[in-house]
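Listed here are the chains, written in short residue letters.
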Amino acid sequence: MDGEFFFFFLSVGGPRSWLITEFAAYTEGQSRTRSLLLLLACFSVFLSCDSVVVAQSGAENESLEQRLLQPKLKLDAWLFQKRPTMNLAFDLNSRIVVREGKDEPGFVNWFGIDFVDQIDWNGLPLASVIMQAYAVQVVDLPKTPIIFDDPKDWELQWRFVYLDFDGFAHKGYSLKVGHFQVPFGLEWNSDTTGTLRQYTNAKNLGVKADWGVSVHGTRSGFDYELSLTRGSGNEYRDVGDNHVIAARVGSRFGDTLSWGLSYLDANLTGQDAPIGMTSFPAPQRERWGMDVALTHTKTQWLAEYSRGTNGSQGVWTSLVEFNIEEPTDRNLTYIQLTGSGVHSETDLNMTLQSNVGYKKYLGPNLSLEVQWTHDIELPGAAKPGETGVFQVRYRF
């Protein structure tokens, strides 16, 4: 299963399938820069032609979607009768990545199952259950994620799988057990998993979600979470002293001005090694971080900064974002500037990039995303370039 899934998934609607076909034909033998421009042009046409397609065949499209979703709707009705607290969702996604200077585009495809439930004890709430299991395929990405063994590979990814004993949440504390997000920085308030829009945790910390336990809640108007996890990432592994101790405390997110302070101490020896390496680089990490969010109606400013060490080397990471989100249709536009640096004995190796992205909902279940990344500065002899990413996602 490769790029055909992406093209098939968008084939509902003549103009969309034609655009994808043209893009595939055009990229054969053409430069990546031109392909990148065409990719973004395709997305612009998607947005402009969508209202026309809906206006011409609204009733038809609606009945088609109803027919496609009929088995799922029947399953939902049956589950509700058996257990009203249970929710089940399926997640289909395909992503195309075009990097300047790379001959062929890369792909990410996945199929996921999201399961959510509430466990009661003698009529009282005991715990929330979340299980997100995803079958993920990668094909020739510019940078293959470390959980994969080869540039063309399938992997079972555990996103969030945990029990949250929240029966005493009203008293200010809950206990979480399983595979969950490491509490650090902006990511703690806004989960970016599965979207093109990302913050800095994955690259900065070396781990975004991990297996372990945490205590979290709200006390005296402040949100907090303290976690102790295995330090092995997607798979549970116990190798020596691998661990992650992470904590974040801050004001309530969503206020006009909110802030947070974070700390992390980690030994990631148990993590999967990147392709071509026998061990994870700089497994011993320490970070101190601060994040700020300024929210006003539809606009928002976000910023985070952290300093620390990778082994004996000093490091820093930063992000600034401005975004506009339409409250009615949830469409999101954002601009980011990210930076990071590693202090060696003789020099500072710095990475500086800008991202421009847009996410559009074509309905309650279907979303399209596009992001353009420009390398301003890269460390060493690496050559700066452009990267375009397009994603279509359907959750039902």
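In the block above lies the structure referred to throughout.
Being a predicted model, the structure only gives us computed values, none of them experimental. (Residues numbered from 1 in each chain as written. Predicted model: local features only at pLDDT ≥ 70, side-chain atom pairs only at ≥ 80, totals over all residues. Heavy atoms only, no water.)

K.L.:
Even after reading the chapter, I still don't get the pairing of strand S8 (residues 243-251), so can you show me in this structure?
P.N.:
A regular strand places its side chains on the two faces of the sheet in alternate fashion. Here strand S7 (residues 222-229) pairs with S8 via 8 bridges, running antiparallel. Residue Tyr 224 lies in a different strand from S8, and its bridge partner there is Val 249. The sheet contact formed by S8 and strand S9 (residues 257-267) spans 8 bridges and is antiparallel. Looking at S9, one finds that Ala 247 is bridged to Tyr 263. Turn length for the S8-S9 hairpin, with the two strands adjacent in sequence and antiparallel, is 5 residues, and the turn residue Gly 254 shows positive phi of about 105 degrees. (Pairing = 2+ DSSP bridges. Helix = DSSP H or I, 4+ residues; strand = E, 2+ residues; numbered from the N terminus.)

K.L.:
Looking at this structure, how should I read the packing of aromatic side chains?
P.N.:
Describing an aromatic ring pair means giving the distance of the ring centres and the angle of the ring planes. Taken as a whole, this structure holds 9 aromatic pairs when the rule is applied. Between Tyr 162 and Phe 180, the ring centres sit 6.5 Å apart and the planes meet at 90 degrees, which makes this aromatic pair edge-to-face. Remark: Phe 180 occurs in strand S5 (residues 174-181) and Tyr 162 occurs in strand S4 (residues 152-165); sequence separation between them is 18 residues. With respect to class, Tyr 162 is no different from Phe 180; both count as buried. (Phe/Tyr/Trp six-rings, centres within 6.5 Å; stacked < 30°, edge-to-face > 60°. Buried < 20%, exposed > 50% of the residue type's maximum accessible area, 1.4 Å probe, protein only.)

K.L.:
What am I meant to see in unusual backbone geometry here?
P.N.:
Peptide bonds are trans in most cases, and residues, glycine excluded, mostly fall at negative phi. Non-glycine residue Asp 140 carries a positive phi angle of around 55 degrees. With respect to the secondary-structure elements, Asp 140 resides in the loop between strand S3 (124-139) and S4. When its relative accessible area of 24% is taken as the criterion, Asp 140 is described as partly exposed. Even without a glycine there, the phi angle at Thr 297 is positive, about 50 degrees. Within the element layout of this structure, Thr 297 appears in the loop between strand S10 (284-296) and strand S11 (299-310). We classify Thr 297 as exposed; its relative accessible area is 73%.

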